[in-house]
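Fold and geometry: a report
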Amino acid sequence: MNTWKVLVIAAGSVLTLAACGTGGGTNAGTGDTGCTVKGNSTAAVTPAIVSNVVSDPDTVGRFSPNNMTVKVGQSIEWDWQDPNVAHTVTSDDATSFDSCLQNKGYKFVVTFTQAGKIPYHCTIHPLMVGTITVTP
Ligand SMILES: [Cu+2]
């Protein structure tokens, strides 16, 4: 009896993940298969700001907060907290940073070394956007 319940739950999870991975159409599957995480800080740093990647009934997911200001040399950490759907933290310029698709529990830390504005988004959810402002 219990075994069947576990199997059903597991099957449901696979379906949810599969739907997420391919639901966005072309981007999700292909984009993430070849995706390489970049821009993540390898040093142990204390982030100036922590942004939570959460679910949202209107936009599927949300960065909370999404718009943030840091000084040059400071870091931002994103914590994946959405239990159901994978998300990315990807700079619009596609070169500054990219977390690739990640699930709940993942943490991504970026240290900003240049002043400027860096818009970013989730590659499979067009309404998940934010901007980082880096001040000198
Ligand atoms: Cu997303």
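Sequence order as written defines the numbering, with residues in each chain counted from 1. Local features in a predicted model are, by the rule used here, given only for residues with pLDDT of at least 70; side-chain atom pairs are given and counted only at 80 or more, and totals for whole chains, interfaces and linings are based on all residues.

**Re the overall build of the chain**
To keep things clear, this is the line we draw: Elements are defined by DSSP. Helices are runs of H or I of four residues or more, strands are runs of E of two residues or more, and each kind is numbered from the N terminus. Residues with at least 20 neighbouring C-beta atoms inside 10 Å of their own are called buried, those with 12 or fewer are called exposed, and the rest are partly exposed, where every C-beta is derived from the backbone. A residue pair is marked as a contact if its C-beta atoms, positioned from the backbone, fall within 7 Å.
A count of helical and extended segments in the chain gives two helices and eight strands. Listing every helix and strand of the chain by position from the N terminus yields α-α-β-β-β-β-β-β-β-β. Evaluated residue by residue, the chain yields a buried proportion of 24% over its 136 residues. Within the chain, contacts between residues at least 6 apart in sequence are counted, and of these 63% link residues at least 24 apart.

**Points about the sheet that holds strand 4 (residues 75-80)**
To keep things clear, this is the line we draw: Paired strands, as defined in this entry, are two strands with at least two bridges between them according to DSSP. An axis is simply a line fitted to the C-alpha atoms; with a helix, the fit covers only the stretch in contact. Between two such axes, the angle follows the N-to-C directions and lies from 0 to 180 degrees.
Taken in spatial order, the four strands of this open sheet run 2-1-4-6, and their pairing is mixed. The open sheet is flanked by strand 2 (60-64) and strand 6 (107-111), the only strands paired with a single partner. Pairwise comparison of adjacent strand axes, ignoring direction, gives a mean angle of 20 degrees for this sheet.

**Describing the environment of T42**
Topologically, T42 is positioned in the loop between helix 2 (26-33) and strand 1 (49-56). With 7 C-beta atoms packed within 10 Å, T42 lands in the exposed category. Once the C-alpha coordinates of T42 and V109 are considered, the two residues, 67 residues apart in sequence, prove to be 8.2 Å apart.

**With respect to the sheet that holds strand 8 (residues 125-135)**
On the basis of which strands lie adjacent, the open sheet formed by four strands has the order 3-8-7-5 and mixed pairing. The open sheet has two edge strands with one neighbour each: strand 3 (68-71) and strand 5 (90-91).

**A closer look at the nonpolar core**
Note the following rule: As used here, a nonpolar core is made of buried Ala, Val, Leu, Ile, Met, Phe, Trp, Tyr and Cys residues. They are joined through C-beta atoms within 7 Å.
W78, V89, F108 and V110 are the most contacted members of the largest nonpolar core, which has 16 residues in total. Within the residue set of this core, elements represented by two or more residues are strand 4, strand 6, strand 7 (116-122) and strand 8. Dropping the residues within four chain positions of it, V89 is found in contact with W78, F97, S99, F108 and Y120. In terms of nonpolar packing, the next biggest core, distinct from the first, is built from five residues, V60, V85, A86 and C100 among them.

**Observations concerning the confidence of the model for the chain**
The line we're drawing: What pLDDT reports is the predictor's confidence in each residue, on a scale of 0 through 100.
Residue-level pLDDT values for the chain average 83, and 77% of them are 70 or greater. Throughout residues 1-31 the model reports pLDDT below 50, and contacts reaching past four residues in sequence, or to other chains, amount to 13 contacts.

**Details of the environment of D98**
With respect to the secondary-structure elements, D98 resides in the loop between strand 5 and strand 6. Residue class for D98 comes out buried when judged on the 22 C-beta atoms lying within 10 Å of it. In sequence terms D98 and K38 are 60 residues apart; their C-alpha atoms lie 5.2 Å from each other. Apart from the residues lying within four places of it in its own chain, the contact partners of D98 are C35, V37, K38, G39, T88, T90 and S91.

**A closer look at the environment of S55**
Among the structural elements, S55 can be located in strand 1. With 29 residues separating them in the primary sequence, S55 and N84 have C-alpha atoms 8.0 Å apart. For S55, the contacting residues outside a window of four places in its chain are G61, D82, N84 and V85.

**Examining unusual backbone geometry**
In this chain, S64 is followed by P65 through a cis amide linkage whose omega measures 0 degrees. Of note, the phi angle at A94 is positive, near 65 degrees, even though the residue is not glycine. With respect to the helices, strands and loops of the structure, A94 is situated in the loop between strand 5 and strand 6. The class for A94 is exposed, based on 10 C-beta atoms found within 10 Å. Despite not being glycine, C100 has its phi angle at roughly 65 degrees, a positive value.

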